[in-house]
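Each chain, written out:
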Amino acid sequence: ENLSDLILDEVLDTPATYADYYNVGAGVPFGLSHGLGQLSLTRPAAECKTRNNVLFVGASSRPGNGVPLVLIGSKQVAKKAVEKLKSMMIT
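## As for the side chain of serine 61
Tracing the sequence through the fold places serine 61 in the loop between helix H2 (15-22) and helix H3 (67-90). A relative accessible area of 4% means that serine 61 is categorised as buried. The contact partners of serine 61, leaving out residues within four places of it in the chain, are Arg43, Pro44, Ala45 and Phe56.

## What about unusual backbone geometry?
Here the amide bond leading from arginine 62 into proline 63 is cis, since omega sits at 10°, within 30 degrees of zero. Here proline 63 shows up in the loop between H2 and H3.

## Some remarks on the confidence of the model for the protein
For the protein, per-residue confidence averages 78 on the pLDDT scale, and residues scoring 70 or more make up 77% of the total. Of all helices and strands in the protein, the one with the weakest mean pLDDT is H2 (73), whereas H3 scores best (88).

## Quick look at the pattern of salt bridges
Throughout the structure, instances matching the rule amount to two salt bridges. Between glutamate 47 and lysine 80 there is a salt bridge; the shortest N-O distance is 3.4 Å. Note that glutamate 47 is positioned in the loop between H2 and H3 and lysine 80 in helix H3, a separation of 33 residues in sequence. Residue lysine 84 is joined to glutamate 47 by a salt bridge in which the shortest nitrogen-to-oxygen separation is 3.5 Å. With lysine 84 in helix H3 and glutamate 47 in the loop between H2 and H3, this residue pair connects regions lying 37 residues apart in the sequence. Through salt bridges that share partners, Glu47, Lys80 and Lys84 make up one connected network.

About the thresholds
Residues numbered from 1 in each chain as written. Predicted model: local features only at pLDDT ≥ 70, side-chain atom pairs only at ≥ 80, totals over all residues. Heavy atoms only, no water. Helix = DSSP H or I, 4+ residues; strand = E, 2+ residues; numbered from the N terminus. Buried < 20%, exposed > 50% of the residue type's maximum accessible area, 1.4 Å probe, protein only. Contact = heavy atoms within 4.5 Å. pLDDT = per-residue confidence, 0-100. Salt bridge = Lys/Arg side-chain N within 4 Å of Asp/Glu carboxyl O.

Right under this line is the structure:
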């Protein structure tokens, strides 16, 4: 199958989107702000709450921003994605 045939919803976020949604100055291209409300566990989780097959990774999701944390998050999301795909193949 063609991957584009499987996409149900697609959203393009820009720095302006983050400025509007999260009330952060100029969209903060490095990720969500470093204020206490956006540290560690208060950042959005890697798994989408409303769609079982959507995962998030990057500076604005857990575990956080900065190259080491984004790489750790990427590894975790890749592992979750493989697990989800395997479970879909079994059922």
